[in-house]
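Below are the chains, spelled out letter by letter.
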Amino acid sequence: MAKPYDSMTGEGGDTQQIGRGDTPVMTTNHGTPISDNQNSLKAGARGPTLLEDFILREKIFHFDHERIPERIVHARGSVAHGYFECTDPIPDLSRASLFSEQGKRTEVIVRFSTVAGGAGSVDTPRDVRGFATKFYTDEGNWDLVGNNIPVFFIQDAIKFPDLIHSVKMEADRGFPQAASAHDTFWDFVSLMPESLHTVLWAMSDRGIPRSYRMMEGFGIHTFKLVNAEGQESFVKFHWRPRLGTQSLIWDESAKIQGADNDFHRRDLWEAIANGDYPEYDLAIQVFDQELAASLPYDVLDPTKIIPEEVVPLRVIGRMVLDRNPDNHFAENEQLAFLPSNVVPGIDFSDDPLLHGRLFSYLDTQKSRLGTTNFHQIPVNAPKCPYANMMRDGMMQTHVPKGRANYEPNSLAEAGEDGGPRPRQEGFRTASQPVEGEKLRVRPETFADHYSQPRMFWKSQTANEQAHIASAITFELSKVALQHVRLRVLSQLRNVDEELAERVAKGLALSLPDRAPAARDPVALEPSEALSIQKRWHATLEGRKVGILFAEGSEKAAVDRLISQIRDAGGTPFTIAPKVGGIALEGGKMEADGQLAGSPSWIFDAVAVVLSSEAAGKLAHDSAAVGFVMDAFAHLKAIGHDDGAKPLLDRAGIKADEGVTDLASLPKAATLRYWDREKKIRDLA
Ligand code: HDD
């Protein structure tokens, strides 16, 4: 019998052997078994390659077309599968089947994303994050395509291409990538005061989330719930992460871009792989037309929120993400969300931004996925049966039987399959009277652009306000056009004089005149829910602690810390100057990461377990000094033993509440030390 092909030696190879044993046969895309995947067909061993080589041609042809156009926005994203479980049924409000019974589970896939960067960009720039969920319900797919910020930059979809052109890399130079800190974005924003509310959110710590697992999600628009009797209510959807909302410090997020481009993608993947399934509550704010009419802003305006102090949140379910994708392309690149995917019981309001989206997403999938049959791609296909008279088209994979490709038909009367029929209980648009002239206008009720950004600003802690002021200062310092900086300042004066003054001072500019306001702002009560720090969850769950050791460290102390961190629900990660295993006091130990590649930026807190001899040595190693110095500057807990002191002293660490002994670290690591910030950074 001939020898099987050996890819190392290039010897052997016989189609008789193919398919033997458990290894599947490699074939062409048309099923022809392949005997040699290493060498193209040539005329003579050193001769020209032959056009006849259909195996080579097919392989290169396919490779040449492996990429599809990336999403025009939200190109970089990470997905996870899971389920939604209804915990508080709402049949009185909606007949949506996923909300019908307590304990009912519906499969979901979620895609988290950044907005501005390309598919290969980094995870931690300052940006809005996408939070898009596809519920595969038993009455069709419902896509809740939201963001981690509850408002949007513009009020009308017709402005979306301008907004996105302005924020993406500038058209002539092709930079900056994944950043809003440049002329064109701020030029646009300064001319569109309606964007200020979202700008303030994006410039706050919400724009640099710690993890997709620690991010809220919002449906943003007002939607409608419709019950079996056809009664409607307005609704806003909220995702609340069980781990609480947490963010990075700006300097930390910028540095993480160097340490780990995939910081959020890796975090999500590893959490799920380790069985720490991310969980979110789904909450609704339900209200009626009467309440809507009583508010000093319009509920159809997507630049406005309804504070939860005004309409409280009701939790109706939870989502658990418990499965990583098997294939990035098939389940992420090919995943297509459509805000127009609703199910009976959920309907749209007349938000003009939403209406534009109902067109845009369907349209874009044709250009991204190349065919109107993109719904047949496994990740997009409903999990419930679906049938209609739409036929053919590129990449059609269904093989419909019979002649019934039109409706109505009477083929059933002749004993043939007459195909599907619409049914009364199907999706029915909530009926509402509509009357009016055709107008290209913005309603008067959308005209107040300043009250809500002011409410947001007033709701923040002193540190959070400082972060907003310095983020705007930073971004405007990257803006080269002086008139744009001044125009932003003139807009900010309408939001809050103090904010405008702080930014002007940071830029060494004098305040320009206030921009004329389309409508004078009104005073709105601050809302605690808008601050991350006021709602901080002090938990080690989901948090990662870096433990630095070196030769001579006490092994028992490292082992003890590892198990304490695990017991508290955190993830320990050991770091040493060398990874392969070094001699500690009490035995040898391998490290998870090497010091130079594991800066403290990628951890929520750090521990330093060192002999004084090793600490003295590491005090002359910039990676080790930077490890503790940055942890301190990023307001993290630092646990250490006595031996580590020479290193801490060298790094200029001043003892405070967050600098603890090793035993206190697991508790200390649940917090960031905001009080420390004013001592190490100018918060003016
Ligand atoms: Fe959008 C993608 C969220 C307004 C047009 N959008 C996209 C994604 C998210 C959002 C999360 C990524 C989906 C995925 O992961 O595949 N977009 C929003 C939110 C908006 C919003 C929360 C306002 C409330 N979008 C918006 C408008 C338009 C679009 C007004 C156009 C008129 N969005 C698109 C798009 C994308 C998209 C170009 C790119 C890829 C895709 O749709 O599938 O059609």
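Computed from a prediction, not measured in an experiment: that's the story for all the values here. Each residue is numbered by its place in its chain's sequence as written, counting from 1. pLDDT decides what is reported in this predicted model: residues at 70 or higher carry local features, side-chain atom pairs at 80 or more are listed and counted, and totals for whole chains, interfaces and linings draw on all residues regardless. Values shown for side chains rest on all heavy atoms present in the structure; no hydrogens or waters enter the calculation.

*Asks:* Hey, could you go over the pattern of salt bridges for me, with residue numbers and the actual values?
*Replies:* One side-chain nitrogen of Lys or Arg within 4 Å of one carboxyl oxygen of Asp or Glu is enough to make a salt bridge. Under the defined criterion, the tally for this structure stands at 44 salt bridges. Linking Lys-104 and Asp-138 is a salt bridge whose minimum nitrogen-to-oxygen distance equals 2.8 Å. Residue Lys-104 is located in the loop between β1 (77-86) and β2 (105-114), and its partner Asp-138 is located in the loop between β3 (129-137) and β4 (140-147); the two are separated by 34 residues in the primary sequence. For every residue, the accessible area obtained with a 1.4 Å probe (protein chains only) is divided by the maximum for its type, and the residue is called buried under 20%, exposed over 50%, and partly exposed between those limits. For Lys-104, a relative accessible area of 18% gives the class buried. We classify Asp-138 as partly exposed; its relative accessible area is 45%. Residues joined by salt bridges that share partners form a network here, namely Glu-85, Arg-105, Arg-242, Glu-279, Asp-281 and Arg-318. Each helix corresponds to a stretch of at least 4 residues labelled H or I by DSSP, and each strand to a stretch of at least 2 residues labelled E; elements are numbered beginning at the N terminus.

*Asks:* Please set out the coordination of the iron atom of the ligand residue by residue, giving values where relevant.
*Replies:* Within the protein, a single donor atom binds the iron atom of the ligand, namely Tyr-361 (OH) at 1.8 Å. Structurally, Tyr-361 can be placed in helix α9 (residues 352-369). Keep in mind that water is not among the atoms, so a site may look incomplete; donors are the N, O and S atoms within 2.8 Å of the metal, or 3.2 Å for Na, K and Ca.

*Asks:* With reference to specific residues and values, describe the sheet that holds strand β15 (residues 593-594).
*Replies:* Spatially, the six strands line up as an open sheet ordered β15-β12-β11-β16-β17-β18, and their pairing is parallel. The open sheet terminates on both sides in strands that have one partner only, identified here as β15 and β18 (659-661). Relative to strand β12 (residues 571-576), strand β11 (residues 544-549) is paired through five bridges, and the arrangement is parallel. Along β12, the bridge assignment pairs Gly-546 with Phe-573. For two strands to pair, DSSP has to find at least two bridges joining them.

*Asks:* Go over the site of the ligand, please, and point to the residues and values.
*Replies:* Around the ligand sit 22 residues in total, of which Arg-71, Arg-111, Arg-357, Tyr-361 and Gln-365 are the nearest. For the ligand, an oxygen atom lies 2.7 Å from a polar atom in the side chain of Arg-71. Whenever a nitrogen or oxygen atom comes within 3.5 Å of another N or O atom, the pair is scored as a polar contact, on the condition that within protein one atom can donate a hydrogen and the other can accept it, and that pairs from neighbouring residues in sequence are kept only if both atoms are in side chains. Contact distances for the ligand include 2.8 Å between an oxygen atom and a side-chain N or O atom of Gln-365. Sorting the residues of the shell around the ligand by element identifies β3, β4 and α9 as the ones contributing at least two each. Near, as used in this document, describes a residue that has one of its heavy atoms within 4 Å of the molecule or strand being considered.

*Asks:* Quick rundown of the UniProt feature "domain: Catalase core" (unreviewed entry) in the protein? Include the residues and the values.
*Replies:* The UniProt entry lists residues 27-415 under the feature "domain: Catalase core" (unreviewed entry), expressed in the numbering used here. Each end of residues 27-415 is marked by a C-alpha atom, and these two atoms are 43 Å apart; helix forms 22% of the span and strand 19%. UniProt positions are given in the numbering used here, feature names are shortened, and annotations may be inferred rather than shown by experiment.

*Asks:* Describe the packing of helix α12 (residues 482-495) against helix α13 (residues 497-507), listing the residues and the values that go with them.
*Replies:* It is at 6 Å that the axes of α12 and α13 come closest, and there the two elements cross at 150°. Here α13 runs roughly antiparallel to α12, going by the angle between their axes. Counting all contacts with α12, which are made through Leu-489, Leu-492, Arg-493 and Val-495, the residues of α13 involved are Glu-497, Leu-499, Ala-500, Val-503 and Ala-504. Residues of the contact of α12 with α13, tallied by class, amount to seven nonpolar, no polar and two charged. Inter-axis angles, ranging from 0 to 180 degrees, are taken between N-to-C directions of lines fitted to C-alpha atoms, where helices are fitted over the stretch in contact. An angle counts as roughly parallel when it lies under 35 degrees, as roughly antiparallel when it exceeds 145, as roughly perpendicular when it falls between 65 and 115, and as oblique in every other case. Whether two residues touch is decided by their heavy atoms; if any such pair falls within 4.5 Å, the residues are in contact. Under this grouping Gly is polar, as are all residues other than the nonpolar Ala, Val, Leu, Ile, Met, Phe, Trp, Tyr, Cys and Pro and the charged Asp, Glu, Lys and Arg.

*Asks:* Before we move on, could you go through unusual backbone geometry and cite the residues and values that matter?
*Replies:* With an omega of 0°, the peptide bond running from Phe-175 to Pro-176 counts as cis. Tracing the chain through its elements places Pro-176 in the loop between α2 (160-167) and α3 (183-191). Pro-408 follows Glu-407 through a cis peptide bond whose omega is 10°. Tracing the backbone shows Pro-408 in the loop between α9 and α10 (451-458). Even without glycine at this site, Asp-392 takes up a positive phi of about 60°. Even without a glycine there, the phi angle at Met-395 is positive, about 55°.

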